[in-house]
Amino acid sequence: MKKIIATSLLMGAAFLGKSAEVTIPIEQYQLKNGLRVILSKDNTVPVVTVYMIYDVGARSEEKGRTGFAHLFEHMMFEGSANAPKGTHFAAVESNGGTLNGSTHPDFTDYFEVLPSNKLATALWLESDRMRSLAINEENLKNQKEAVKQERRLSFDNQPYATAIVDIWPTLMYGNWQSSHSLIGSFEDLNASSVADVAKFFKTYYAPDNAALVIVGDIQSADARKLIETYFGDIPSQPQPKHPDMTEPADFQGRTEVHKDPLAKVPGVIIGYPGPKRRSPDYYAIIMIDAILTAGDSARFRMDLVKGKQSVVQYEANLAWPFGNSLDYRDPEDYGIFVLYNPNFTATQIVDQVQEEFAKLQNQGIEAKDLERVKTQLRASIIKDMQSSLSRARALAQYAIVDGDPALINTELDRMLAVTSAQIQAAAKKYFVAQKRSVLEIAPAPGAQPGNSGAKEGK
């Protein structure tokens with residue numbers, strides 16, 4: 001488990017702005033059916049990314065239908081009226097392209113990266129499944145089994161995964177919309193019907209609940225004609241009611257222990273409730289994350305890995321473990337996952353992490369150190385922006401979450417304007433022990449894999 005530099009993945013390369021002296025070109029408009037369209041022309045190389053995002057994720061699910069958003073992501077590759085099963089992969093891969101889809105707490109996305117002369121192919125594929133997904137008993141049965149197998153291989157039989165996916169959300173959140181498993185249960189999957197899938201499709205996979213982003217080697221007029229041809233006559237639907245995700249006002253931090261039969265090294269998850277998205281505190285916490293965890297000179301690495309030699313590996317982010325600060329939608333957490341030297345206890349590790357926050361609370365950060373972190377952040381983001389897929393993802397997130405893809409050109413300025421005083425104030429406000437939740441992950445040899453293990457309250 002390698003620490004993902006928070007500000008590279010966390011922003012998905014979203015920040016450039018004036019500080020980097022680079023501006024991402026943006027054209028945005030809306031079709032009559034409500035589909036939001038964002039075009040970003042870059043004729044450097046003959047490649048185009050088509051990125052479709054739907055404003056629905058695991059936190060949109062209903063009780064008794066956990067895992068449904070993820071199941072539906074699989075259904076989207078089962079074929080459509082004019083592109084039978086297998087056509088989507090064959091059409092993209094035979095042209096040297098790549099494609100994928102993924103489910104997140106608050107959105108589901110799909111993309112194709114292709115030679116630019118195959119833009120029409122990608123648009124046809126995406127529009128056909130938006131228009132006429134093949135929803136039937138056979139496809140549903142196939143994908144139920146595919147999701148179950150994915151869960152067995154990627155989660156139930158992997159160390160730490162049950163703790164992260166199933167247990168941590170119940171510890172960190174009081175509202176069921178946020179606390180239930182992103183992957184869902186076998187029982188809920190088995191209970192889902194073709195009628196459920198059809199309803200979900202009609203409700204959420206409509207043009208007015210989506211955004212289409214095209215980044216790369218395009219001519220805008222030609223792209224607009226193709227988009228209108230393929231998407232223009234897909235009917236809109238009534239806007240879905242998004243659930244209330246408000247957390248209980250009396251939230252108190254909690255600690256539990258999970259015994260993991262697959263873990264060889266002890267771990268601990270530490271989380272704190274996060275700020276409002278795009279508030280001053282939001283930018284300050286992103287900078288705090290960079291100070292503590294990004295790069296070889298990060299404080300966690302210098303003080304805990306190399307100094308005390310108590311920590312083996314770590315990762316952290318706003319919206320951890322399923323997201324990052326780009327797709328962060330409050331209420332969410334700032335989460336830290338640590339694997340540690342078994343000569344230490346979980347309590348000692350938690351105290352050492354808290355000490356790092358205490359340094360920021362009591363001393364802030366010196367100007368020269370803050371400038372170094374900002375320089376590192378800027379360089380990392382500009383490098384990441386070379387990917388058309390990263391640009392498309394960032395534009396889509398800003399369109400869906402904030403309603404303004406042009407934020408891609410201004411957010412870095414907000415971040416680089418964060419001061420030591422703001423960092424110190426945010427550290428005092430958010431990273432306090434009383435608000436902290438902790439999940440200890442203890443190796444438990446001899447226990448049965450696939451079981452959630454014993455949980456002991458403390």
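Residues numbered from 1 in each chain as written. Predicted model: local features only at pLDDT ≥ 70, side-chain atom pairs only at ≥ 80, totals over all residues. Heavy atoms only, no water.

Draft legend 1. Expanded view of the sheet that holds strand 4 (residues 98-103). Strand order in the open sheet formed by six strands is 1-2-6-3-5-4, and the pairing between neighbours is mixed. Where the open sheet ends on each side, the last strands, each with one partner, are strand 1 (27-30) and strand 4. Taking the axes of each pair of neighbouring strands and ignoring which way they run, one obtains an average angle of 15 degrees across the sheet. Pairing analysis gives four bridges linking strand 1 to strand 2 (residues 36-41), with the strands arranged antiparallel. Looking across to strand 2, one finds that Gln30 is bridged to Arg36. Strands in contact with helix 10 (residues 220-231) are strand 1, strand 2, strand 3 (47-54) and strand 6 (210-216); relative to strand 2, the strand with the most contacts, it is inclined by about 155 degrees. (Pairing = 2+ DSSP bridges. Helix = DSSP H or I, 4+ residues; strand = E, 2+ residues; numbered from the N terminus. Axes fitted to C-alpha atoms, helices over the stretch in contact; angles between N-to-C directions. Contact = heavy atoms within 4.5 Å.)

Draft legend 2. Expanded view of the packing of helix 11 (residues 280-293) against helix 12 (residues 299-307). Contact pair helix 11 / helix 12: the axes reach a minimum separation of 4 Å and the direction vectors enclose 40 degrees. The angle between helix 11 and helix 12 falls in the class oblique. In this structure, helix 11 uses Ile291, Leu292 and Thr293 to contact helix 12, whose residues at the interface are Arg299, Phe300 and Arg301. Here the contact of helix 11 with helix 12 is built from residues that sort into three nonpolar, one polar and two charged. (Parallel < 35°, antiparallel > 145°, perpendicular 65-115°, else oblique. Nonpolar A, V, L, I, M, F, W, Y, C, P; charged D, E, K, R; others polar.)

Draft legend 3. Geometry of empty space enclosed by the protein. One pass over the structure, following the stated rule, counts three cavities of 30 Å³ or more. Of the volumes computed, that of the largest cavity is approximately 160 Å³. Of all the secondary-structure elements, those providing two or more residues to the lining of the largest cavity are helix 6 (161-172) and helix 7 (176-179). Classifying every residue of the lining of the largest cavity by side-chain character gives ten nonpolar, three polar and two charged. When residues are assigned to domains, the lining of the largest cavity turns out to be shared by domain 1 (18-231) and domain 2 (255-450), each giving three or more. Approximately 80 Å³ is the volume attributed to the second largest cavity. Lining the second largest cavity are Met76, Phe77, Gly79, Ser80, Ala83, Pro84, Gly86, Thr87, His88, Leu125 and Arg129. Elements with a minimum of two residues in the lining of the second largest cavity: helix 3 (87-93) and helix 4 (119-132). (1 Å grid on protein atoms, 1.4 Å probe; cavity = no way out; pocket = protein on both sides within 12 Å on 5 of 7 lines; lining within 4 Å. Points joined across faces, edges and corners; volume = space filled by probe spheres on them. Domains from an automatic or database assignment.)

Draft legend 4. View of the packing of aromatic side chains. Counting across every chain of the model gives 21 aromatic pairs. An angle of 75 degrees between the planes, with centres 6.0 Å apart, marks the rings of Tyr54 and Tyr110 as edge-to-face. One end of the pair, Tyr54, is in strand 3; the other, Tyr110, is in strand 5 (residues 108-115), with 56 residues separating them in the sequence. The pair Tyr54 / Tyr110 is uniform in exposure class, with both members buried. (Phe/Tyr/Trp six-rings, centres within 6.5 Å; stacked < 30°, edge-to-face > 60°. Buried < 20%, exposed > 50% of the residue type's maximum accessible area, 1.4 Å probe, protein only.)

Draft legend 5. Focus on the side chain of Thr108. Within the fold, Thr108 resides in strand 5. Among the polar contacts made by the side chain of Thr108, one reaches the main-chain carbonyl oxygen of Val56 at a distance of 2.8 Å. Look past the residues within four positions of Thr108 in its chain and what remains in contact with it is Met52, Ile53, Tyr54, Val56, Gly57, Glu73, Ser102, Thr103 and Tyr205. (Polar contact = N/O pair within 3.5 Å; in protein donor to acceptor, adjacent residues only side chain to side chain.)

Draft legend 6. Structural context of the packing of helix 2 (residues 68-75) against helix 9 (residues 194-204). Two numbers describe how helix 2 lies on helix 9: the axes approach to 11 Å, and their chain directions differ by 85 degrees. Regarding the angle of helix 2 to helix 9, the classification is roughly perpendicular. Of the residues in helix 9, those touching helix 2 at Phe68, Ala69, Phe72 and Met75 are Asp196, Val197, Phe200 and Phe201. For the contact of helix 2 with helix 9, the residue count by class is seven nonpolar, no polar and one charged.

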